[in-house]
Amino acid sequence: MTEADAQTEIGPEPPEMIRIYDTTLRDGEQAPGCTMTFEEKLEVARQLARLNVDIIEAGFPVASPGDWAAVHHIAREIGTADGPTISALAHANVDAIDRAATAIQPAAKKRIHVFISTSDIHIEHQLRSTREAVLEKARTMVRYAKSRCEDIEFSPMDATRSDAAYMHRVLAAAIEEGATTLNIPDTVGYATPEEYAAVINGIRRNVPGADRVIISSHCHDDLGMAVANSLAGVRAGVRQIEVTVNGIGERAGNASLEEVVMALHTRAQFFGQSTRINTQELARSSRLVSTIIGVPLPPNKAIVGANAFAHESGIHQDGVLKNRLTYEIMSAETVGLHGNALVLGKHSGRHALRNHIEQLGYQLSDDDFQQVFIRFKELCDRKKSVDDRDIEAVISDETQRIPEIYRLEHVQVTCGTGVTPVATVRVLCPDGEARTDTDYGTGPVDAVYRAINRVVQRPTELTEFAINAITEGLDAVAEVTVRLREQSPVESDAPESRAPQVYSGYGVNTDTIVAAAEAYVGALNKLAASRQERLKVEAAAYAAGYEPPLPVGR
Ligand code: KIV
Ligand code: ZN
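Predicted, not measured: the structure shown is a model, and the values here were computed from it.

Spatially, the 3 strands line up as an open sheet ordered 14-15-16, and their pairing is antiparallel. Two strands lie at the open edges of the sheet, namely strand 14 (460-469) and strand 16 (502-509), each paired on one side alone. In this sheet, adjacent strand axes meet at a mean angle of 15° when their direction is disregarded. Summarising the sheet, strand 14 and strand 15 (residues 478-486) pair through 9 bridges and their orientation is antiparallel. Residue pairing in the sheet places Ile467 in a bridge with Val480 of strand 15. Contacting strand 14, strand 15 and strand 16, helix 19 (residues 512-543) crosses the sheet at an angle of about 145° to strand 16.

This next bit is on the coordination of the zinc ion (ligand 2). At the metal site, the zinc ion (ligand 2) is ligated by Asp27 (OD), His218 (NE2) and His220 (NE2), and these contacts range over 2.0 to 2.1 Å. All donors of the zinc ion (ligand 2) belong to a single chain; written as a sequence motif, their spacing is D-x190-H-x1-H. With Asp27 in helix 2 (residues 24-28) and His220 in the loop between strand 8 (214-219) and helix 10 (226-236), the pair connects residues that are 193 residues apart, well separated along the chain. A relative accessible area of 4% places His220 in the buried class.

Size of an interface: often given as the accessible area lost when the parts come together. Taken domain by domain, the protein comprises domain 1 (11-293), domain 2 (314-399) and domain 3 (407-541). In this complex, domain 2 contributes 12 residues to the contact, which on the side of domain 3 involves 12 residues. Around 970 Å² of area is buried between domain 2 and domain 3 when both sides are counted, 49% of it from carbon and sulfur atoms. Counting the surface domain 2 buries against domain 3, the share from its top three residues, Arg382, Lys383 and Arg389, is 44%. Counting the contacts that link domain 2 with domain 3 gives 0 salt bridges. Applying the counting rule to domain 2 against domain 3 returns 4 residue pairs in polar contact (both at pLDDT 80 or more). Going through the elements one at a time, helix 16 (366-382) and helix 17 (388-398) are the ones with two or more residues in the side of domain 2 that touches domain 3. If one sorts the elements of the side of domain 2 that touches domain 3 by residue count, helix 17 sits on top with 6 residues. When the residues that make up the side of domain 2 that touches domain 3 are grouped by side-chain class, the tally is 3 nonpolar, 1 polar and 8 charged.

As a further point, take the nonpolar core. Counting residues in hydrophobic clusters, the biggest one holds 103 residues, and the most contacted among them are Ile112, Phe154 and Ile184. Sorting elements by how many residues they give to this core places helix 8 (residues 164-176) first, with 8 residues. In this structure, this core is formed jointly by two domains, domain 1 (11-293) and domain 2 (314-399), each of which donates at least three residues.

We now examine the pattern of salt bridges. A complete count under the given rule lists 38 salt bridges for this structure. Close ionic contact of Arg111 with Asp151 constitutes a salt bridge, the shortest N to O distance being 3.0 Å. You can see Arg111 sitting in strand 5 (residues 110-117) and its partner Asp151 sitting in strand 6 (residues 151-157), a full 40 residues away along the chain. Classification of Arg111 by relative accessible area gives buried; the value is 6%. For Asp222, the salt bridge goes to Arg251, with nearest N and O atoms at 2.6 Å. Pair noted here: Asp222 is in the loop between strand 8 and helix 10 and Arg251 is in the loop between strand 9 (240-243) and helix 11 (257-266), with a separation of 29 residues, a long-range link. Overall, the relative accessible area of 46% leaves Arg251 in the partly exposed class. Because the salt bridges share partners, they merge into one network encompassing Arg139, Arg143, Glu176 and Glu177.

Okay, the pairing of strand 7 (residues 181-186) next. Sheet faces and side chains relate simply in a regular strand, where the side chains alternate between the two faces. Counting buried residues along strand 7, 6 of its 6 residues qualify, which places the element largely inside the surrounding structure. Note that the unit made of strand 6, helix 8 and strand 7 has a crossover that is right-handed. Of the pairings in the sheet, the one linking strand 7 to strand 8 comprises 6 bridges and is parallel in character. If you follow Pro185 over to strand 8, its bridge partner there is His218. Traced from strand 7 through helix 9 (residues 193-206) to strand 8, the parallel crossover comes out right-handed.

Below, the discussion takes up helix 16. Helix length check: helix 16, at 17 residues, gives a terminal C-alpha distance of 25 Å against a target of 24 Å (1.5 Å per residue), a fit within 8%. Here helix 16 has its buried residues at Asp368, Phe369, Val372, Phe373, Arg375, Phe376, Leu379 and Cys380. Buried-residue contacts for helix 16 involve helix 15 (350-359), helix 17 and strand 16.

Under the criterion given, the structure shown has 7 aromatic pairs. Between Phe60 and Phe115, the ring centres sit 6.4 Å apart and the planes meet at 55°, which makes this aromatic pair tilted. One end of the pair, Phe60, is in the loop between strand 3 (55-59) and helix 4 (65-77); the other, Phe115, is in strand 5, with 55 residues separating them in the sequence. Relative accessible area serves as the criterion here: at 18%, Phe115 is assigned to the buried category. For the ring pair Trp68 and Tyr546, a centre distance of 5.4 Å and an interplane angle of 65° mean the geometry is edge-to-face. In this pair, Trp68 is assigned in helix 4 and Tyr546 in the segment after helix 19, connecting sequence segments 478 residues apart. Of the two residues, Trp68 and Tyr546, both sit in the buried class. An aromatic cluster is built from Trp68, Tyr542 and Tyr546, whose rings are joined through pairwise contacts. The ring of Phe270 has Arg235 sitting right over it, with the charged end atom 4.0 Å from the ring centre.

We now examine the site of ligand 1. Residues in contact with ligand 1, as listed here, are Arg26, Asp27, His113, Phe115, Ser155, Met157, Asn183, Pro185, Thr187, His218 and His220. Within the side chain of His218, a nitrogen or oxygen atom sits 3.1 Å from an oxygen atom of ligand 1. In isolation ligand 1 offers 260 Å² of accessible surface; the protein chains occlude 96% of this area. Secondary-structure elements contributing two or more residues to the shell around ligand 1 are helix 2, strand 5, strand 6 and strand 7.

Side chains of Leu462, Phe465 and Ile467 sit close together on the surface and give an oily, nonpolar patch of about 250 Å² of accessible area. For Phe465, a relative accessible area of 33% translates into the label partly exposed.

The rules we used
- Residues take numbers from 1 onward in each chain, read along the sequence in its written order.
- All chains are assigned letters beginning with A, and all ligands numbers beginning with 1, in the order in which they are written.
- Owing to the predicted nature of the model, reporting of local features is limited to residues with pLDDT of at least 70; listing and counting of side-chain atom pairs is limited to 80 or more, with chain, interface and lining totals taken over all residues.
- Side-chain measures were taken over the full set of non-hydrogen atoms in the model, leaving aside hydrogen atoms and water.
- For two strands to pair, DSSP has to find at least two bridges joining them.
- A helix here means a DSSP run of H or I that spans at least four residues, while a strand means a run of E at least two residues long, and both kinds are numbered starting from the N terminus.
- Lines fitted to C-alpha atoms define the axes, with helix axes restricted to the stretch in contact, and inter-axis angles between N-to-C directions lie between 0 and 180 degrees.
- The criterion used for residue contact is that any of the two residues' heavy atoms lie within 4.5 Å.
- Coordination partners: N, O, S within 2.8 Å of the metal, 3.2 Å for Na, K and Ca; water not considered, so apparent gaps in a site are possible.
- Buried residues are those whose accessible area, probed at 1.4 Å on protein chains only, stays under 20% of the maximum for their type, while exposed residues exceed 50% and partly exposed ones sit between those limits.
- A domain assignment, automatic or from a database, supplies the domain bounds used here.
- Summed over both partners, the accessible surface that disappears when two parts come together, traced with a 1.4 Å probe, is what is meant by buried area.
- Just to be clear on terms, a salt bridge is a Lys or Arg side-chain nitrogen sitting within 4 Å of an Asp or Glu carboxyl oxygen.
- Polar contacts, as used here, are pairs of N or O atoms within 3.5 Å; protein pairs need one atom able to donate a hydrogen and one able to accept it. Residues neighboring in sequence count only if both atoms are side-chain atoms.
- Note on residue categories: nonpolar means Ala, Val, Leu, Ile, Met, Phe, Trp, Tyr, Cys or Pro, charged means Asp, Glu, Lys or Arg, and polar means any other residue, Gly included.
- Each nonpolar core is a collection of buried residues, namely Ala, Val, Leu, Ile, Met, Phe, Trp, Tyr and Cys, held together in the definition by side-chain atoms within 4.5 Å.
- Orienting the strands away from the viewer, one traces the path from the first strand over the helix to the second; a clockwise path indicates a right-handed crossover.
- To estimate the expected span of a helix, subtract one from its residue number and multiply by 1.5 Å.
- Side-chain rings of Phe, Tyr and Trp, where Trp is taken by its six-membered ring, are said to pair if the distance between their centres is within 6.5 Å; with planes under 30 degrees apart they count as stacked, over 60 as edge-to-face, and otherwise as tilted.
- Put simply, a charge is over a ring when the Lys NZ or the Arg CZ is close to the ring centre, within 6 Å, and near the line of the ring normal, within 35 degrees.
- By convention in these notes, a residue is near a molecule or strand provided one of its non-hydrogen atoms lies within 4 Å of it.
- The Shrake-Rupley method, run with a 1.4 Å probe, gives the accessible areas here. Residue values count only the displayed protein chains as cover.
- What goes into a patch is any residue over 30% in relative accessible area without a salt bridge, connected to like charges within 9 Å or, for nonpolar side chains (Val, Leu, Ile, Met, Phe, Trp, Tyr), within 5 Å.

Have a look at this one:
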């Protein structure tokens, strides 16, 4: 059955709506190396609103004033009456619930998500508590959260490894105290689809009041079954699915938003459900998150990978040319992949480019558009044909919200057989002085990075370097993604306990070395800006009503 068939075969009854609860900014962002700046979180939240998710879990406000400020800002800007519900996570603790409540306060539709572990292994070894004490805490904390917010989600953490009868008692207590959504986490990604469906069925059958609340899935991908488990949950009665863009999240990640949504969309008749997601925004959401966290998508990633709609073998190509439905169950356009639609050339003007960009779904500020236009003209001089993929890469590059603390002004490399690669760079530094330096390396990129390091003097370790050709052909534009780990956070930068952070950078250029240099300087800029940003965001949090935690013992 194809996408087209599935759509036409749906019966006259409107399908039930599955709520899409996006936790990219919470479960996704808390994964190692996926940290986002305040501005980046806002960019992602704006894109999630365009995607039309039902609920955005915007963060864990008790974690830091910065997290609180981001949730508060998202609640104010994105949580409009016709926008998504804004949710904040809180563990079963009064202070955490208070901070969640104040952070989401400006949103028109708001939710507090309270969680506590219910598996014996967590209760004994992590919480060092007892089943009865956890049951009581779940009850009192859901009651307290309900006094602060009407819409309450409750999660029994590690649900799939919890004793079912005990977990049912905890869930029943949560419903009695006013929980409106019960979220069932497969926290460690241990369940199989049959087992996960059985857990949901068990809850629906045995928990008094379960028919009055929404049951939600939250599946991790440790065994590669997060999407399958979420969909098995739907078959068993789940009506909210928790997901992240590109499946980012703790360890192997969460169920991927794009895969869950397109499975429900493409197999609508099988599942009998639909979502409100604007599927044409899927590719753009995926690209945005991948660029921000500096993790390129594997080419074979379902739905949004570069090869997801590519037909390589002769037999497949022949079939697709005769009838697309022979080998395609959904179309690239449905997920917002514009492919290589031929666009404008070097004679195209500002107006034509702006129109075209708007047709692709981007609303750029005048400043961003001006930069994209300049880059477009440069590309037209260097490439035979510029297509939508090039333009989207340039937009991603130009709309990164990274403060330009260091600006790469010049890069030059000598390399080749029989010579040691040597690079010279000139970088405009924050004190207004342009500094030039030179270094050797094992290859041209290594030489450039060493030369930049000599100027910037911030010890880092390169943890990832990925290069990708955006289009076919020798004149293709290269996109480079790097990730750096600060080697030892400068003492004054952060509390002692702060683990070294990972910063990503992204560069796009027809010259691979220039793209690599720009990506590297971008990551260094994020690193340099992190302290300034932390202080600025903390000041904004206090100005917006954030209160410091009470001293321990009070
Ligand atoms: O995986 C998990 O258990 C969670 C909870 C906080 C819902 O992320
Ligand atoms: Zn999780």
